[in-house]
Structure formats: C-alpha cells, structure tokens
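One-letter residues, chain by chain:
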Amino acid sequence: MSSDIPGFYYDAVQRRYYRITSQPSNTVPSARAINNRARQEQLTNKQLDLLNSPSKQCSQRYKEKKRLIKSRLSLLRQREYGQKSVEFCHNHIRSNFIEKLPPTCFLDNSSSFSIEHSLDSYVNYEMIITPAGQCIQMINYKLYLNLLKQPNYTYQLQTNPIDDHRSSYFINASSPFMSTTLLHDENHVSIRLLQFSSTPTPNTLSMLSTNPSAPKYYYKENCQTIQLSSSTVTHSSPLLIKCSGPCCYSKSLDSFAFNINNFVYIYDLKTFQSICTLRVPIRRVTLNDMKFSYENSNILYTTNGHQFQQWDIRQSNRSSSIRIPILCSTIQCLQTKPNCILTSSYDERINLIDLRIPTKPLLTYDLSSSTSPNNPHFSFTIDTNSEHFIATCSQYHIVHIWDLNSSRLLNRLRCPIPRTFINTPAKCSITSFDKIPILGIYHPEYCRIAGLI
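So, how was this worked out
- Residues numbered from 1 in each chain as written.
- Predicted model: local features only at pLDDT ≥ 70, side-chain atom pairs only at ≥ 80, totals over all residues.
- Heavy atoms only, no water.
- Helix = DSSP H or I, 4+ residues; strand = E, 2+ residues; numbered from the N terminus.
- Buried < 20%, exposed > 50% of the residue type's maximum accessible area, 1.4 Å probe, protein only.
- Contact = heavy atoms within 4.5 Å.
- Areas by Shrake-Rupley, 256 points an atom, 1.4 Å probe, with all protein chains shown as cover.
- Pairing = 2+ DSSP bridges.
- Axes fitted to C-alpha atoms, helices over the stretch in contact; angles between N-to-C directions.
- Core = buried A, V, L, I, M, F, W, Y, C linked by side-chain atoms within 4.5 Å.
- pLDDT = per-residue confidence, 0-100.
- Phe/Tyr/Trp six-rings, centres within 6.5 Å; stacked < 30°, edge-to-face > 60°.
- Lys NZ or Arg CZ within 6 Å of the ring centre and 35° of its normal.

### Examining the overall build of the chain
1) Next: Along the backbone of the chain there are four helices and 32 strands.
2) Next: By residue count, 47% of the 453 residues in the chain fall in the buried class.
3) Next: Long-range pairs, those at least 24 residues apart, make up 49% of the contacts in the chain between residues at least 6 apart in sequence.
4) Next: Surface summary for the chain: the accessible area is close to 24200 Å², and the carbon and sulfur share equals 49%.

### Quick look at the environment of alanine 257
1) Next: Among the secondary structure elements, alanine 257 is positioned in strand E15 (residues 255-260).
2) Next: Each C-alpha atom, one on alanine 257 and one on isoleucine 275, is 9.7 Å from the other, the two residues being 18 residues apart in sequence.
3) Next: If near-sequence neighbours (up to four positions away) are discounted, alanine 257 is found in contact with Met178, Pro246, Cys247, Cys248, Val264, Tyr265, Ile266, Met290 and Phe292.

### Thoughts on the sheet that holds strand E9 (residues 177-182)
1) Next: Sheet architecture is open: five strands sit in the order E8-E9-E10-E13-E11, paired in antiparallel fashion. The open sheet has two edge strands with one neighbour each: strand E8 (167-171) and strand E11 (204-206). With strand direction ignored, the average angle separating the axes of adjacent strands in the sheet is 30 degrees.
2) Next: The pairing of E8 with E9 spans five bridges and is classified as antiparallel. Each bridged residue has a counterpart across the sheet, and for isoleucine 171 the counterpart in E9 is phenylalanine 177.

### With respect to the nonpolar core
1) Next: Among the nonpolar cores identified, the biggest contains 31 residues, and Phe256, Phe258, Val264 and Ile266 are the most heavily contacted of them.
2) Next: Broken down by element, this core gets its largest block of residues, five residues, from strand E16 (residues 263-268).
3) Next: Apart from residues no more than four positions distant in its own chain, phenylalanine 256 is found in contact with Met178, Ile191, Ile226, Cys248, Tyr249, Tyr265, Ile266, Tyr267, Asp268, Leu269, Phe272 and Phe292.
4) Next: Counting residues in each nonpolar core, the second largest holds 19 residues, with Tyr153, Phe177, Phe196 and Tyr217 among its members.

### As for the pairing of strand E17 (residues 274-279)
1) Next: Note: E16 against E17, five bridges, orientation antiparallel. By the bridge assignment for E17, tyrosine 267 is matched with serine 274.
2) Next: Between E16 and E17, which follow one another and run antiparallel, lie five residues, and phenylalanine 272 among them has a positive phi close to 55 degrees.

### Quick look at the environment of lysine 142
1) Next: Within the element layout of this structure, lysine 142 appears in strand E6 (residues 142-147).
2) Next: For the pair lysine 142 and tyrosine 125, spaced 17 residues apart in sequence, the C-alpha to C-alpha distance is 9.3 Å.

### Focus: the pairing of E15
1) Next: Across the six residues that make up E15, a large majority, six, are buried.
2) Next: Taking every second residue as pointing to the same face, both faces of E15 are buried, with Ser255, Ala257 and Asn259 on one and Phe256, Phe258 and Ile260 on the other.
3) Next: The pairing of strand E14 (residues 244-249) with E15 spans four bridges and is antiparallel. From the neighbouring strand, serine 244 faces E15, where its bridge partner is isoleucine 260.
4) Next: Here E14 folds back onto E15, and the loop between the two strands holds five residues, one of which, leucine 253, carries a positive phi near 60 degrees.
5) Next: Inspection of the sheet shows E15 paired to E16 by six bridges, in the antiparallel sense. In the strand pairing of E16, alanine 257 is matched with isoleucine 266.
6) Next: Hairpin connection between E15 and E16: a loop of two residues separates the two successive antiparallel strands, and asparagine 261 in this loop has a positive phi of roughly 55 degrees.

### Some points on the sheet that holds strand E19 (residues 299-303)
1) Next: A sheet is described by the order of its strands in space; here four strands give the open sequence E18-E19-E20-E21, paired in antiparallel fashion. A strand with exactly one partner marks an edge of an open sheet, and here the two such strands are strand E18 (289-292) and strand E21 (322-324). For this sheet, the mean inter-axis angle between neighbouring strands, taken without regard to orientation, is 20 degrees.
2) Next: Pairing analysis gives three bridges linking strand E20 (residues 308-312) to E21, with the strands arranged antiparallel. Along E21, the bridge assignment pairs glutamine 310 with isoleucine 322.

### Here we look at the confidence of the model for the chain
1) Next: Taken as a whole, the chain shows an average pLDDT of 76; of its residues, 76% reach a score of 70 or greater.
2) Next: Low confidence marks residues 95-111, where pLDDT is under 50. Its contacts with residues over four positions away, or in another chain, come to 34 contacts.
3) Next: Contacts from residues 235-239, a stretch scored under 50 in pLDDT, to residues over four places away or in other chains number three contacts.

### Regarding the packing of aromatic side chains
1) Next: One pass over the full model with this rule turns up 11 aromatic pairs.
2) Next: Both rings, one in tyrosine 169 and one in phenylalanine 177, keep their centres 6.4 Å apart while their planes meet at 25 degrees; by these two values the pair is stacked.
3) Next: Three or more aromatic residues link up through ring pairs in this structure, and these residues are Phe256, Phe258, Phe263, Tyr265, Tyr267 and Phe272.
4) Next: If you follow lysine 251 out to its NZ or CZ, it ends over the ring of tyrosine 294, 5.4 Å from the centre.

This is the structure:
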C-alpha cells in the first residue's frame, strides 16, 4: 500500500503510518533525565495539592482579618490620645501588610530582581541578606556580593590561596563574615574574618567586579592560621577523615569557636590565643550547629542533631555540660527573648524553647501541610534586626512566613520547581531593609529577592 498522507509512510508489517524525519529518532533519554522529569512533575503536583487543600488557617481567615482591623483601629485611637507614638503605630501596621499578599502567589518578577549563575557542577550554595542592603552569596565556597540598590553589579574578593579549599563559614546579618578552612596537612586551620563597606578605610581592599562602571566597594580582611595541638589531631579511627564543622563567634566579638570532628576549639578573637578545647559527642562526622549565647558570651550551645548541650567555658571541668532533651539540628538565639532559643528538626518543625523549662516548647511553627518525616536539609531564617518574622522553605519548594511572636502563618509563596538540580532544596533569607521586609529565595538555578510590602 502506498502512502497517501504527505510526510508519512505506511509500514505493511505493522500496518500503521510513521512520520518521515530527516534524522533517525533513535535518541533515548537517559535514566537521570527521566527521573528528573518524573520528580519535577511529582513536586509540581504536590505543590498544587498542598496549596489548594483546605486547612485550618483558611477557615480562620475571616476572624483574623476582623481581629487585625480591630487592632489597627485601637492603635489609631491610642495614637490620637497620645498613648502610643506615631512611629510605633506606623511600624506595627506596616508589619502586618504582608497579609495582603495572595496566599498562594508566585514570586512577582516585577517587584524583584534575579541573580543568575551558570553552575556546571553544584557543591555548595548559601545566601543571606543583611540590614545594610547587601546580598552575600557563597557559591562553591566562593563569595559573591550584590547590593539591593544596585543588583546588576556583582562583586568578588581578591584572589586568596584558600579560595578553592572546602570551608565552613558563619554569616551573621549584622556582623562580620567568618570562615574556617582546614588545610591539607590537617594540622592547621585558616580563620578568615571579612567586613564590607562602601567607604575606604585604612587596611581595606577593593572588591573586584566584571563591570567597569560598577561603583567601588571595599572589604577589610583579617586572616590567621592556627596550629592544632598535637594531642587532639590524632584520629580515633584510621577510617576517620578530618572534616571542618560549623563555626561561630560571640555577639560581643570576644571569642570564636570552630569544630574539627569531635572537638570544639575556642579562641580569643582579638589575640587568637586558645581559651579551651571541648570534646563533644558527635553521631556523624561533625556537629550540626553551634552558637554562642547572646546574653553571656561564656555560654556555648552545640547540637549533633540528636542531643543539645550547653557548655560554660569558664568551668574548670570542661567535660561537664548541661544536656537538654531537645531534638534539634539548627540553633538560633534571640535578642528580644532572654533564655529562649529557636530550634528546628528534620521533621520540618521549628520550636521556640525556654531553656529554663525545655520540656515543652513555648511556640511551634509547624509546616502542617508537610508529610515528610525526615528532611535533613531543613533550615530556617529570622529577621535578626527586629525579630518579627520567621521564613523557611519546605522540600516541596513552598516558602512559609510566620509571625515570630504569635506563631501565626502570614503567607505561603510558591517557588519555581528546578529542572537540573531537582533534589537540591531551595532556601530563603529574610531581613528588614529601610523598615521593609526583604525576602530572598535562592537555589543553584535561580536567586530571587523581593520586598514583601
């Protein structure tokens, strides 16, 4: 039988028509491409199911709206009678405008800017937005800086011998940048402290930019190499590989700490002299997180994901510590709530805990729509200046924003589903810049920053 359809031919054996192509269509997609496509469709469907499913918050939306209107009217009356200042009322009302956003909206491209990076291989990616209007990114252990007022210009540090080394770093929204790098000999650690500024000062270096029209930006660097004591560098097992864990410094900038395997080293930040060394229980390779207390710089909190410990570095017996039965993987101290910390666990739940009564959380910020019992990449961020907001991103790429003081869910934002790095979670950072909440969503395939008001 001859083909009577243009562009097709008839196969007498199969008894069907086939399209005539210029090249043979024998290309078979790889197993990885098929799995990525299936995972992408699964995440998209799960996003829509979670956002469209009825929840308790939807039934209380009308009550919350009435309560918000009453509170605003009450604030306006107190302002008229002189009981509250104009600035207090203005800030309180603006902080609640976030509720006017659609509860299931995409990130708006018109009110945000994107920072694109072409990554051939993904190793590490982090970002934080500072109250000074800086967007600091760590991409494959290299630092990039963008300014919110001029996002088109990207700045980099000058060449340093430790740039290509695997490092641990501590980024605080209002303090210097710190990194800890274990050198190849495994006996020396390089400590690096950076401060960024738009005005040059003595001993500052100029940042590099690919755009010659970019305005000058500077940074001050303090880099020191510390030799580990010989008594603690010996491996407890021949199969143990030395690895650099988390690092941090105190709020008063008096001391800093870093973790190498099952030891925590604490040093004076001004003299770089050793203060003490703590041996901590670790179930994995390194600690999950550690932080200094905001109230007392001699108190250090550590967690290995299954056990929370409080250390006093002034004690003569360094092996003694207070163990608190809190299951947490991330620690965040608070300035406005003494003796309280925020912790997160792998079940995508954030708890506000009073360390004096740690058995029951004061508040819980729960991703009630999440069904994942274990998400090892779960993390959260808070507005460190005002401590009004908590933001986090679930494994289904949905950003949740809560009111820190009431644990009330303010909004949910749907993020794009990645194509290449399909199993890499998206993260977020939130801060206040010019009294406006700024939210940043970052992933190896995109980085988007938008104002919430």
